[in-house]
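Structural overview
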Amino acid sequence: MKKVWSILVTLAFLAFSIGASAVMAADGPVKLGFVYIMSGPFATYGQFAKQGAELAIEEINKAGGINGKKIEAFFEDSAGKPDVGIRVIRKLVYENGVDAVIGLDSSGVASAVAPIMKELKTPLIITHAATPDVTGKNCNRYTFRISLNENQNMKMAAAIAADMKAKTWTTIGPDYSFGHQSWEYFEKYLKEKKPEMGFLPVSEVAFAPMKTTDFSAYITKVMNSKADGVLVSLWGGNLIDFVRQASDMGFFDGKREVLLTLGAATEVLYALKDKMPEGIWVGTRYWFAGNDSPENKSFVDAYKAKYDTYPSYNAHGAYAAIKAFAAAASKAKSSDKEKVVDALTGLSITLPVGKVTIRPEDHQAITDGIWGKTAADPAYPIRVLKPVKNFTGAEITPPVAETGCKME
Amino acid sequence: MEGFLINVLNGLSWGMLLFLISMGLTTVFGVMGVLNFAHGSLFMLGAYISMQLTRWISSFWLGLIFAPIIVAILAIIIERFLLRPVYGRDVSFQLLLTFGVMLFLDDGVRLIWGPAHHLVNPPDVLSGVFPIFDQTYPVYRLFLIAMGPAIGIILWAFFSYSRYGKIIRAAAMDREMAEIIGVRAPILFTAVFAFGAWLAGLGGALAAPHQSVGPAIGEHIIIESFIVVVIGGMGSFPGAFVGALILGLLGSFGATMAPNFQMALPYILLAIVLLTRPRGIFGEES
C-alpha cells in the first residue's frame, strides 16, 4: 500500500518538476530555502527554527536587506527522512531557485544530503544535525555547519564525566547513527582523559528505535546494569517520554550520574516544565541565558517579544545561519553561490552564541560551548541552567587532521 | 530476578495498551471487513482530547470517560458519511479512504494543538510508585496492566451473553444470513465502527499519562497493533489478547536480551505465524 503511495507521490512530483522550468532569477530577492522537521514527534524543532528564521529575516529586511535585496524564505519539511530531505532540497534549488539552503535536524538526513550539494552547487548551512561526517569524511566545498557538532559536544560531556564519581558508563540513545556515534566519541574522549574508566560493551547498552514511546524496557536494562554513569543522547519527543518515564521508575534517584547531551533544548524544557528533574547535567548548542553580550540580549529580547517564549538552540541555529549568510553575501557583495561559498569559508562573525569562525579546512564552526545543571528558578517557566560550565571553541574542537576531511 | 519481574511488568503494561487498540482494530475488521488505517489517528485523538479535557476540567477520570465518547461520535460521522458510500465498491476504496482520514486527522491535530508535546498527569491516587525489591515501579503502569483484562472480560461477557453481542457475532460470521433474519446491518456497522473507535480513544486516553501527547503518538503503536491482529487471528478477541501479550513481552525482553534484533523481532514472529498458521494463532482455518 505504502509503496503504491510513494510511487504516486513520486510521479506527481516528477511531473510537477519537469513542468515547472527552473526559475533562476538574476534580479529580485535573495531566496533562502529552509529544511527542518515540521511533522512527527520532532516537529517542535522545526517550529522553533522557523521562528528564529523569520525573526532574522525580518531584522535584515527592515535594515534594507542583503546588498539592497530583500530575503524571501521557502520552508520545507524533511520529516526527518533522508529521501524526503533530498527531494525537498532538489525542489528548493531547481524549482524555487534558492541561493542557499539552511537547516537539517537529523544526522541521517544531513549525511544523505551533504554529497548532493556538490551536484547542486548550492551552499548548505547546517544548523542542528551533528554528525561529524558532513564536516569530516564527507565534507565538501558547499557544505557548512554553523552549530556545534557531535565531537565538540562529546568533548564537553567527557570533560564533565571525568569529574564525576561514576566509574562505569553506559548509554541510552536513539538507534541510528547519531546515538551510536555519540557513544563512540564519548568513550573515546573520556578514555583519553581517564584511561581507567569502564564502559559497557555495545551489546549491553541501550539503543531505542526513534518511534519508541515506551522506554521502560531500556530504562530497566540500564538500571539493572552495573554502570553508575549514563550518557543519554535521546532528543526531542523521545527525550520527553524518556525523562517522564525514567523519573517514575526511580532512574533519577541519585544512585547514578546522568548526562543528557541535548537536555537543554527549550523544546524539551517547555514540554517537561517541572517534570524535568533538578541537578542533572544537560548539554545544548546554545543557551539563551548563556552570555550577556548585546547580540544575545537583543536576540533573546526580540524573540521573547515576538513569540512569548525563550529561543531554543534550534531557533538560534536558523537565526545564526541567516546572519552568517548575510555577512558572507555582503562581504562578497553578491549572492552568487560560488562567491558566497568563498566568503563563508573562514568567515568570522559575532552571533548571540558568541564569536563563531567557520574553519576553512572542514567548514565546521568553531564556537564556545556550554553545559549546565538543571535548576528551578521562579523567574522562568522552565528549568534553567545553574551552574553552567563554559568551554572554549579551541579546547572542544578536534584538529582538522582528526576529522578525516579532505576538501577538494 | 528483579530485572526479570520488572521486564514482565514493562511488557505487560505496553501489551495491555496494545490489546485495547488491537481489539478495536480486530472487531472492525472481523465484523465489517474494513481495515481501518485511521485507527492509530483515533488513538492519537483520544490522547489529545483527554489531555484537553483534563486541562479544562482538571479531572483525569472525566477525561477518560468523555474523550473516548467524543472519538466515537466522530467515528459515527466518518462511518455514516464517508465509509458507507464505498462499502459496495472495491476494497481498495476503503483502504484509500481510511488512509485519507488518517492524513486528515493527523494534520488536523497539528493545526489545533501545534507540534509541541504535552504532559498529562495521572490522578493523585495513581501517581505514586510501588516498591519492588530495591527499586520502585509506577502505580499508573500497574493500573494499565489491570485495565486490560478488566475491559477484556467486560467485552467478552458482552459478546458472549448479551443480545447485542450475539447479533454482532452473528453478523461477523455471516452478514447476509444475519440480514435475512432481520438484523439491520447499516446501524450495526455504524455501532461497530463507533465501538472500535471508542476502544482506540480509550487506549489514547489511558496512554496520555504514560507517555507524552505529541504528533505521531499513534504511529508506533498502530504498526504493532496490525501485527497483533494478524498474529492473533483477524477478528479474534482471545487472539488479540495473546498477540498483544506476546508483542509486549517481546518488546521488553527483546530490548534487554537481543538489542540488535529488537526491531526485527515482531516481524520475524509475524513471518513465522504466517508460514505456520496463516490465519493467526486463534484464526479459524476455512
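Residues numbered from 1 in each chain as written. Chains lettered and ligands numbered in written order. Predicted model: local features only at pLDDT ≥ 70, side-chain atom pairs only at ≥ 80, totals over all residues. Heavy atoms only, no water.

**Regarding the overall build of chain B**
Stated formally: Here a helix means four or more residues in a row that DSSP labels H or I, a strand means two or more in a row labelled E, and each is numbered from the N terminus. Using C-alpha atoms as the atom set, the radius of gyration is obtained and then compared with a globule rule of 2.2 Å times the number of residues to the power 0.38. Only protein chains enter the area calculation, which uses a 1.4 Å probe; residues under 20% of their type maximum are buried, those over 50% are exposed, and those in between are partly exposed.
Looking only at helices and strands, chain B has 11 helices and 2 strands in total. Each helix and strand of chain B, ordered N terminal to C terminal, gives the series α-α-α-α-β-β-α-α-α-α-α-α-α. Computed over C-alpha atoms, the radius of gyration of chain B comes to 19 Å, within 12% of the 19 Å expected from 2.2 N^0.38 for 286 residues, which places it in the range of a compact globule. Seen through its C-alpha atoms, chain B measures out along the principal axes to roughly 65 × 50 × 35 Å. Counting every position in chain B, which comprises 286 residues, the buried fraction comes to 55%.

**Looking at the environment of Arg55 of chain B**
Operational definition: We call two residues in contact whenever any of their non-hydrogen atoms come within 4.5 Å of each other.
Positionally, Arg55 of chain B belongs in helix α2 (residues 39–57). In this structure, Arg55 of chain B is in contact with His118 and Leu119 of chain B, ignoring residues within four places of it in sequence.

**Section: the nonpolar core**
This is how the line gets drawn: Among buried residues, those of type Ala, Val, Leu, Ile, Met, Phe, Trp, Tyr and Cys that are joined through side-chain atoms within 4.5 Å constitute a nonpolar core. An automatic or database domain assignment supplies the start and end points of every domain.
In this structure, Leu104, Phe242, Phe251 and Ile322 of chain A are the most contacted members of the largest nonpolar core, which totals 123 residues. Tallying contributions element by element places helix α11 (residues 313–332) of chain A first for this core, with 12 residues. For this core, the domains that each give at least three residues are domain 1 (30–148 + 292–367) and domain 2 (151–284 + 370–396) of chain A. For Leu104 of chain A, the contacting residues outside a window of four places in its chain are Val35, Tyr36, Ile89, Val109, Ala110, Val113, Leu124, Ile126, Thr127, His128 and Ala129 of chain A. Counting residues in hydrophobic clusters, the runner-up holds 81 residues, among them Leu126, Val213, Val228 and Ile231 of chain B.

**A short note on the layout of surface pockets**
Residue and element names in this part refer to chain B. Under the convention used in this document: Using only the protein atoms, space was sampled on a 1 Å grid; points where a 1.4 Å probe fits but cannot get out form cavities, open sets with protein on both sides within 12 Å along at least five of seven lines form pockets, and lining residues are those with an atom within 4 Å of a point. Grid points are joined across faces, edges and corners, and a volume is the space filled by probe spheres set on the points. Any residue that is not Ala, Val, Leu, Ile, Met, Phe, Trp, Tyr, Cys, Pro, Asp, Glu, Lys or Arg is counted as polar, Gly included; the first ten are nonpolar and the last four charged.
Estimated volume of the second largest pocket: approximately 860 Å³. Along the wall of the second largest pocket there are 25 residues; nearest its centre are Ala172, Met234, Gly235, Ser236 and Glu284. Of all the elements in the fold, those that place two or more residues in the lining of the second largest pocket are α1 (2–32), α5 (139–161), α6 (163–173) and α10 (237–257). The leading source of residues in the lining of the second largest pocket is α1, at 5 residues. A class-by-class count of the residues in the lining of the second largest pocket yields 13 nonpolar, 9 polar and 3 charged.

**Details of empty space enclosed by the protein**
Gaps left between atoms show up when a probe the size of a water molecule is rolled over them. Under the definition given, this model contains 3 cavities of 30 Å³ or more. By volume, the largest cavity amounts to about 120 Å³. As for the largest cavity, its lining consists of 17 residues, and the residues nearest its centre are Pro41, Thr213 and Asp241 of chain A together with Ala216 and Ile217 of chain B. Looking at the lining of the largest cavity, its residues break down into 5 nonpolar, 9 polar and 3 charged.

**What about the packing of aromatic side chains?**
Keep this limit in mind: Think of it this way: a Phe, Tyr or Trp ring, Trp meaning its six-membered ring, pairs with another when their centres are within 6.5 Å, and the plane angle makes it stacked under 30 degrees, edge-to-face over 60, tilted otherwise. Should the NZ of a Lys or the CZ of an Arg lie within 6 Å of a ring centre and within 35 degrees of the ring normal, that charge is described as sitting over the ring.
A complete count under the given rule lists 36 aromatic pairs over all chains for this structure. Consider the rings of Phe288 of chain A and Tyr310 of chain A, whose centres lie 4.4 Å apart with planes at 15 degrees: the pair is stacked. One end of the pair, Phe288 of chain A, is in the loop between β11 (281–283) and α10 (294–307); the other, Tyr310 of chain A, is in the loop between α10 and α11, and 22 residues separate them in sequence. Pair check on accessibility: Phe288 of chain A and Tyr310 of chain A agree, each one buried. Ring-pair connections join several aromatic residues into one group, and the members of that group are Phe215, Tyr218, Phe242, Phe251 and Phe252 of chain A. In this structure, Arg256 of chain A packs its charged tip against the face of Phe251 of chain A, placed 5.3 Å from the ring centre. The ring of Phe93 of chain B carries the charged tip of Arg89 of chain B above its face, separated from the ring centre by 5.1 Å.

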